[in-house]
Amino acid sequence: MTSRSLQPNYLLIGIWLAGLMLLGVLLAEVSGGWLHIPHWGTVMLILGLSTTKALLVALYYMHLESDRRLLAMIALAPLVLIILAVGVVFSSHLVRL
Amino acid sequence: MASTAHLEAQTATGVPNGKLGMWLFLASEVMFFTGLIAAYVVLRLSNPSWPGPEGHLSVPLGTLNTLILIGSSVTIVLALAASQRNALAATRGWLLLTIVLGASFLGIKGVEYSAKFAHEIFPSTNVFWSCYFVLTGFHGLHILGGLSFNLFVLSRTFHQTTWASQRQRLELAGLYWHFVDIVWIFLFPLLYLL
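Keep in mind that what you see is a predicted model, and the values were worked out from it rather than measured.

**Considerations on the overall build of chain A**
Along the backbone of chain A there are 3 helices and 0 strands. Shown N-terminal to C-terminal, the secondary structure of chain A runs as helices and strands in the order α-α-α. For chain A, with 97 residues in total, the buried portion stands at 38%. In chain A, of all internal contacts separated by at least 6 residues, the share reaching a separation of at least 24 is 57%. Looking at chain A as shown, the accessible area adds up to about 6,000 Å², and 75% of this sits on carbon and sulfur atoms.

Encoded structure:
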């Protein structure tokens, strides 16, 4: 970490992580009941919440936000490969259909 | 004392070698878990009669376990912050709490596994349970690895002189621990909620 005097509020981020997780659970529980969201909408919302939580952990707990850019590039490299792989998998899936 | 600044000055990248190595290792781990998760998603999408957990997964227990793992991410980053303030006792305390929380996660996972086995649910039961046991099994092994790493780092804190030169390892242990937390952040909704 480059700056020790400007540390993020780790406890507050933890509370956000817990809150977002509980929101996801709540969403999954009520989406089939009184809250009429199509299933794909629930999936998108819950995975969006998971991605937000993962970003919070990576940026503030793993310090990617303040650390050297090289580390962020290393962290992003597999994501590029994942997008390519997912693209290939789903394009072949569509072709087969 | 080998400070972080001193270590950074010794490398061409400006990143300590241990930290660079850990990030490269984590990048490979991302690919490993993505392969498993992608297999799960493809199997699920291509199976019109997806069996699912059929009420055999406890959302409250999964939620509790997720809260525990999030809590352990908080405690290990607080251990690192304490270490940077040279507060050795606080470092030790937060790290010990991280280990207790990690062990609790595995304990609850063990309770869940034994409940499945008691109901005669095994990896061979159907495709959902194959995926469940593979994904949570590999994740559990990673938690076990993280616990061992954390225990090793904790053991170093009991020697004031060795800790001064080995405090960098706490940051590496923290990076690994946060990674297993991120993996669970995705596994929990995929297996328990959706």
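**Some remarks on the packing of helix α3 (residues 59-84) of chain B against helix α7 (residues 168-193) of chain B**
All names here are of chain B. Packing of α3 against α7 leaves a shortest axis separation of 10 Å and a crossing angle of 165°. Here α3 lies roughly antiparallel to α7, going by the angle between them. Pair α3 / α7 crosses with left-handed handedness. Split by residue class, the contact of α3 with α7 holds 15 nonpolar, 9 polar and 2 charged.

**Quick word on the packing of aromatic side chains**
Residues and elements named next belong to chain B. Evaluation of the coordinates by the stated rule reveals 21 aromatic pairs over all chains. Centre to centre, the rings of Phe-33 and Phe-179 are 6.1 Å apart; their planes meet at 55°, and the pair counts as tilted. Here Phe-33, found in helix α2 (residues 17-45), pairs with Phe-179, found in helix α7; they are 146 residues apart in sequence, far enough to count as distant. Across the pair, exposure class does not vary: Phe-33 and Phe-179 are buried alike.

**Observations concerning the confidence of the model for chain B**
All names here are of chain B. Taken as a whole, chain B shows an average pLDDT of 92; of its residues, 95% reach a score of 70 or greater. With pLDDT under 50 throughout, residues 1-5 is counted as low confidence; its partners more than four residues away or in other chains account for 6 contacts. Reported for the predicted complex are a pTM of 0.91 and an ipTM of 0.91.

**Quick notes on the interface of chain A and chain B**
With 40 residues of chain A in contact, the opposing surface of chain B contributes 43 residues. Summing the contributions of chain A and of chain B, the shared interface buries around 3,500 Å²; its carbon and sulfur component is 81%. On inspection of chain A and its partner chain B, the count reaches 1 salt bridge. When the shortest N-O distance is used, the salt bridge between Asp-67 of chain A and Lys-19 of chain B registers 2.5 Å. Only α1 (10-30), α2 (39-61) and α3 (69-96) of chain A provide two or more residues apiece to the side of chain A that touches chain B. Split by residue class, the side of chain A that touches chain B holds 27 nonpolar, 8 polar and 5 charged.

Conventions used here
Residues numbered from 1 in each chain as written. Chains lettered and ligands numbered in written order. Predicted model: local features only at pLDDT ≥ 70, side-chain atom pairs only at ≥ 80, totals over all residues. Heavy atoms only, no water. Helix = DSSP H or I, 4+ residues; strand = E, 2+ residues; numbered from the N terminus. Buried < 20%, exposed > 50% of the residue type's maximum accessible area, 1.4 Å probe, protein only. Contact = heavy atoms within 4.5 Å. Areas by Shrake-Rupley, 256 points an atom, 1.4 Å probe, with all protein chains shown as cover. Axes fitted to C-alpha atoms, helices over the stretch in contact; angles between N-to-C directions. Parallel < 35°, antiparallel > 145°, perpendicular 65-115°, else oblique. Left-handed = near helix turned anticlockwise from the far one by under 90°. Nonpolar A, V, L, I, M, F, W, Y, C, P; charged D, E, K, R; others polar. Phe/Tyr/Trp six-rings, centres within 6.5 Å; stacked < 30°, edge-to-face > 60°. pLDDT = per-residue confidence, 0-100. Buried area = accessible area lost by both parts, 1.4 Å probe. Salt bridge = Lys/Arg side-chain N within 4 Å of Asp/Glu carboxyl O.

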